[in-house]
Number of protein chains: 2
Amino acid sequence: MNKEYPSAVLERAVGEFSKLPGIGRKTALRLVLHMLSKSDEEVSTFGRVFSTLKQDIHYCKVCHNISDTDVCEICANPKRDGSTLCVVENVQDVLAIESTMQYNGLYHVLGGIISPMDGIGPQDLQIASLVERVQGGGVKEVILALSPTMEGDTTNFFISRKLQPLGVKLSVIARGVAVGNNLEYADEVSLGRSIVDRIPFQ
Amino acid sequence: MNKEYPSAVLERAVGEFSKLPGIGRKTALRLVLHMLSKSDEEVSTFGRVFSTLKQDIHYCKVCHNISDTDVCEICANPKRDGSTLCVVENVQDVLAIESTMQYNGLYHVLGGIISPMDGIGPQDLQIASLVERVQGGGVKEVILALSPTMEGDTTNFFISRKLQPLGVKLSVIARGVAVGNNLEYADEVSLGRSIVDRIPFQ
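Here we summarise the structure given alongside this text.

Conventions and cut-offs
Residues numbered from 1 in each chain as written. Chains lettered and ligands numbered in written order. Predicted model: local features only at pLDDT ≥ 70, side-chain atom pairs only at ≥ 80, totals over all residues. Heavy atoms only, no water. Salt bridge = Lys/Arg side-chain N within 4 Å of Asp/Glu carboxyl O. Buried < 20%, exposed > 50% of the residue type's maximum accessible area, 1.4 Å probe, protein only. Helix = DSSP H or I, 4+ residues; strand = E, 2+ residues; numbered from the N terminus. Contact = heavy atoms within 4.5 Å. Least-squares fit on C-alpha atoms with pLDDT ≥ 70 in both. Buried area = accessible area lost by both parts, 1.4 Å probe. Polar contact = N/O pair within 3.5 Å; in protein donor to acceptor, adjacent residues only side chain to side chain. Nonpolar A, V, L, I, M, F, W, Y, C, P; charged D, E, K, R; others polar. 1 Å grid on protein atoms, 1.4 Å probe; cavity = no way out; pocket = protein on both sides within 12 Å on 5 of 7 lines; lining within 4 Å. Points joined across faces, edges and corners; volume = space filled by probe spheres on them. Expected span 1.5 Å × (residues − 1). Phe/Tyr/Trp six-rings, centres within 6.5 Å; stacked < 30°, edge-to-face > 60°. Core = buried A, V, L, I, M, F, W, Y, C linked by side-chain atoms within 4.5 Å.

**Re the pattern of salt bridges**
All names here are of chain A.
Here is step 1: Summed over the entire model, instances satisfying the criterion amount to 14 salt bridges over all chains.
Here is step 2: For the salt bridge of K19 with E16, the shortest nitrogen-to-oxygen distance reads 3.1 Å.
Here is step 3: On the basis of relative accessible area, E16 is assigned to the buried category, the value being 8%.

**Things to note about the environment of V131 of chain A**
All names here are of chain A.
Here is step 1: Tracing the backbone through its elements, the reader meets V131 in helix 7 (residues 128-135).
Here is step 2: Separated by 35 residues in sequence, V131 and L166 place their C-alpha atoms 8.7 Å apart.
Here is step 3: Look past the residues within four positions of V131 in its chain and what remains in contact with it is K162, L163 and L166.

**Examining the relation of the copies chain B and chain A**
Here is step 1: Superposition of chain B onto chain A requires a rotation of 180° combined with a translation of 0.1 Å along the rotation axis, giving an RMSD of 0.2 Å. The two molecules are tied by a two-fold rotation axis, judged by turn and shift. Within chain B, G47 of chain B has its C-alpha nearest the rotation axis, a separation of 2.1 Å.
Here is step 2: Counting the interface residues of chain B, we find that 100% of their copies in chain A are interface residues as well, pointing to one common contact surface.

**Quick word on the interface of chain B and chain A**
Accessible area lost upon the coming together of the parts serves often as the stated size of an interface.
Here is step 1: The interface is formed by 53 residues belonging to chain B together with 53 residues belonging to chain A.
Here is step 2: On the chain B side of the interface with chain A, the three residues burying the most area are L36, F50 and K54 of chain B, jointly 14% of the side's total.
Here is step 3: Counting the contacts that link chain B with chain A gives 0 salt bridges.
Here is step 4: Seen at the junction of chain B and chain A, the total is 10 residue pairs in polar contact (both at pLDDT 80 or more).
Here is step 5: Elements supplying a minimum of two residues to the side of chain B that touches chain A: helix 1 (8-18), helix 2 (25-36), helix 3 (40-51), helix 4 (53-56) and helix 6 (91-100) of chain B.
Here is step 6: A total of 11 residues in the side of chain B that touches chain A trace back to one element, the largest contributor, which is helix 3 of chain B.
Here is step 7: Residue composition of the side of chain B that touches chain A, grouped by class: 27 nonpolar, 12 polar and 14 charged.

**Section: the layout of surface pockets**
Here is step 1: What the largest pocket holds in volume is close to 800 Å³.
Here is step 2: Forming the boundary of the largest pocket are 27 residues, of which N90, G111 and G112 of chain A together with L33 and S37 of chain B lie nearest the centre.
Here is step 3: Taken together, the elements giving at least two residues each to the lining of the largest pocket come down to helix 6 (91-100) of chain A together with helix 2 of chain B.
Here is step 4: The element contributing the most residues to the lining of the largest pocket is helix 2 of chain B, with 4 residues.
Here is step 5: Classifying every residue of the lining of the largest pocket gives 11 nonpolar, 10 polar and 6 charged.
Here is step 6: In this structure, the second largest pocket is lined by 24 residues; those nearest its centre are L33 and S37 of chain A together with N90, G111 and G112 of chain B.
Here is step 7: At the level of elements, helix 2 (25-36) of chain A together with helix 6 of chain B are the ones that each hand at least two residues to the lining of the second largest pocket.
Here is step 8: Ranked by the residues each element gives to the lining of the second largest pocket, the list is headed by helix 2 of chain A, at 4 residues.

**Re helix 2 of chain B**
Here is step 1: The terminal C-alpha atoms of helix 2 of chain B, which comprises 12 residues, lie 16 Å apart, in line with the 16 Å expected from a rise of 1.5 Å per residue.
Here is step 2: Turning to helix 2 of chain B, the residues buried within the fold contact helix 3 (40-51), helix 4 (53-56) and helix 6 of chain A together with helix 1 and helix 3 of chain B.

**Some remarks on the packing of aromatic side chains**
Here is step 1: Counted under the stated rule, the structure contains 13 aromatic pairs over all chains.
Here is step 2: Judged by centre distance (6.2 Å) and plane angle (55°), the rings of F17 of chain A and F46 of chain A are tilted. You can see F17 of chain A sitting in helix 1 (residues 8-18) and its partner F46 of chain A sitting in helix 3, a full 29 residues away along the chain.
Here is step 3: For F17 of chain A, a relative accessible area of 0% translates into the label buried.
Here is step 4: Ring geometry for F46 of chain A and F50 of chain B: centres 5.5 Å apart, planes at 85°, overall edge-to-face. Taken together, the residues span two chains, with F46 of chain A in helix 3 and F50 of chain B in helix 3. F50 of chain B carries the same exposure label as F46 of chain A, and that label is buried.
Here is step 5: Members of the aromatic cluster, joined through ring pairs, are F17, F46 and F50 of chain A together with F17, F46 and F50 of chain B.

**Brief notes about the nonpolar core**
Here is step 1: Counting 46 residues, the largest nonpolar core has F17, F50 and L53 of chain A together with F17, F50 and L53 of chain B as its most contacted members.
Here is step 2: Elements with a contribution of two residues or more to this core: helix 1, helix 2 and helix 3 of chain A together with helix 1, helix 2 and helix 3 of chain B.
Here is step 3: Setting aside residues up to four positions removed in sequence, F50 of chain B forms contacts with A13, E16, F17, V32, M35, V43, S44, F46 and G47 of chain A.
Here is step 4: The next biggest cluster of nonpolar side chains, apart from the first, holds 32 residues, and it includes I74, C86, I97 and V131 of chain B.

**Observations concerning helix 7 (residues 128-135) of chain B**
Residue and element names in this part refer to chain B.
Here is step 1: Among all positions of helix 7, only S129, L130, V131, R133 and V134 are buried.
Here is step 2: Buried positions along helix 7 lie against helix 5 (73-76), strand 1 (81-88), strand 2 (105-109), strand 3 (141-144) and helix 8 (150-163).
Here is step 3: Positive backbone phi, at 95°, marks G137, one or two positions downstream of helix 7.

In structure tokens form, the structure reads like this:
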């Protein structure tokens, strides 16, 4: 029994919460005490949802986004433009791009980003299936929409080397100053990119 | 199916996390995606711990603190002074006071604080059992160590009305300026209390 807490059951519950990113042991204890103030039914429902989460969750067999159906709603939608693929890291990025309402093509969800520090290589991501998808024909443009970080750049570079021989148009989302921000607060790199990648004034 | 997410399973998992205090839907989604990157075993262990949490957790039958045993380690310790009871809101406060190493008496954990706004009345707390404990004899002093808030003051007042007829010594933890803080940053109320409740210089 851990001496920090008066109970091994409490210790285990706090331990499970504090494994989550951004949750320390103090917050974890607060969350566990909050749960103890709830009904048996509410707490056991919480537990049941997660005990079968990995078995319950399914992925679209085309774009690999999280989906309850074999082919997700976006891939199955005949109104979407199947000649354009947007490559993103995860489902959060799909939701973010969908909420802009500026994109009508399909997605390809890598399920992560190349990160040697975390031991994630190209074989851990849905890159082979992206190449297959482009080889299958019908795709005219692939938009690389990964985070503007070193890992994102590495992954962009790796994917571009795989796709360039296939003759598909490759583009990358624009980097520059964020809309609505005062220019003096923009970081040097973004401001520099915004000048180098300037576009004709419309 | 909620339209916000591409999957009802995902929606349910995010919903469960976002019920917790301080966790919004964006953080909840991040936590669920983090879990999906973990092994089946790790995630199902997380779920199992919480699905039986309410059944697994037990309370000390004397002080009502969380404990794996019928009587907790503090109550069962013969070296502790059984003539002094410290009344606290929850297990976090017991841990906080224990870590000061300034207290050698026993505790009484109320399991909350009187809060009409949240629908918590005296009957929802371990107040009747506190009165019984004092009536049982052997207790010389009861220290009220609740938060210095309106709810804490209300609870202190209610408990004092119940205990005063029993002839036990009642005290309340000192309120004043926090140790280590510069005086100019102390709030007016605490500073005022520190002057009114001044003690002889030793």
